[in-house]
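# What the coordinates show
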Amino acid sequence: MIFLARLILASSSPRRREILKQVQHNFEIIISDVDETIEEILPPEQVVMTLASKKAHAVAKHYPDAYVIGADTVVYLAPQILGKPANKVAAKQMLVNLSGKTHTVYTGISVIHGSQEETSFVKTDVTFWELSEKEIEHYIQTGEPFDKAGSYGIQGYGATLVKSINGDYFSVVGLPIAKLYRTLQTMGYAFF
């Protein structure tokens, strides 16, 4: 009989859940309600690694024998990190700013198992088409921008805004699954 270690995804994101299901069906969702405020000025890769680690730690302290995954994603258009828009006006401004430009999506992952912790990040460059005001307004009407960093989701209707990507598609969606898979294996998690 093979015993699979407990695997916990410390995220409420349905996108992360679906990505993880591609390689492992046997996991739990335990949401970490951590404060995502970062007091100091940090580069985007440090922001996502810090927040991913905070999320993983918040859950791992209650489940020391489990493998706990924390993740965080930001959109970076120099010199600013674009978070989730607060309203339609903020969403429109973000999309106007991204139009015709290349930005970078950073996703941090942190895996904690007992006293082990592996935290890293993946960055992917995304280039948008030039967007008309009508396209932006239509996209906002879909409702898709409001729970996503940078006001778009590449896995949904937002795919129509994207001209090209250079890097890991799954990182842009919110969970760099190939990197996570290898991290878990390195830490001793057995998928089979």
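An account of the accompanying structure is given in this report. In every chain, residue numbers begin from 1 and rise along the written sequence. This being a predicted model, a pLDDT of at least 70 is required before a residue's local features are given, and a value of 80 or more before pairs of side-chain atoms are given or counted; all residues contribute to the totals for chains, interfaces and linings. Remark: hydrogens and water are excluded; side-chain values derive from all non-hydrogen atoms of the structure.

## A word on the packing of aromatic side chains
Any two rings among Phe, Tyr and Trp, with Trp reduced to its six-membered ring, count as a pair given centres within 6.5 Å; such a pair is stacked if its planes are under 30 degrees apart, edge-to-face if over 60, and tilted if neither. Evaluated as defined, the whole model comprises eight aromatic pairs. Geometrically, the ring pair formed by Y76 and Y106 is edge-to-face, given 6.3 Å between the ring centres and 75 degrees between the ring planes. Of the two residues, Y76 sits in strand β3 (residues 67–77) while Y106 sits in strand β5 (residues 102–113), which places them 30 residues apart along the sequence. We classify Y106 as buried; its relative accessible area is 8%. For the ring pair Y169 and F170, a centre distance of 5.4 Å and an interplane angle of 80 degrees mean the geometry is edge-to-face. The buried label goes to any residue with under 20% of its type's maximum accessible area, the exposed label to any with over 50%, and the partly exposed label to all in between, with areas taken from a 1.4 Å probe on protein chains only. Judged by its relative accessible area of 33%, Y169 falls in the partly exposed class. An aromatic cluster is built from Y67, Y181, Y189 and F191, whose rings are joined through pairwise contacts. Runs of H or I in DSSP of at least four residues are treated as helices and runs of E of at least two as strands, each being numbered from the N terminus.

## Looking at helix α1 (residues 14–21)
If you check which residues of α1 are buried, you get R16, I19 and L20. With its buried residues spanning 95 degrees around the axis, α1 presents them on a single face. Looking at the packing, one finds that the buried side of α1 touches β1 (7–9), β3, α5 (169–173) and α6 (177–186). Capping of α1 at its N-terminal end is provided by S13; its side-chain oxygen lies 3.2 Å from the backbone amide nitrogen of R15. By definition, the arc is the one covered by directions from the helix axis to the C-beta atoms. Whether two residues are in contact is decided by their heavy atoms, any of which lying within 4.5 Å being enough. Think of a polar contact as two N or O atoms within 3.5 Å of one another; within protein, one of them needs to be a possible hydrogen donor and the other a possible acceptor, and neighboring residues in sequence only count if both atoms come from side chains.

Distances and angles like these do not, on their own, reveal function.
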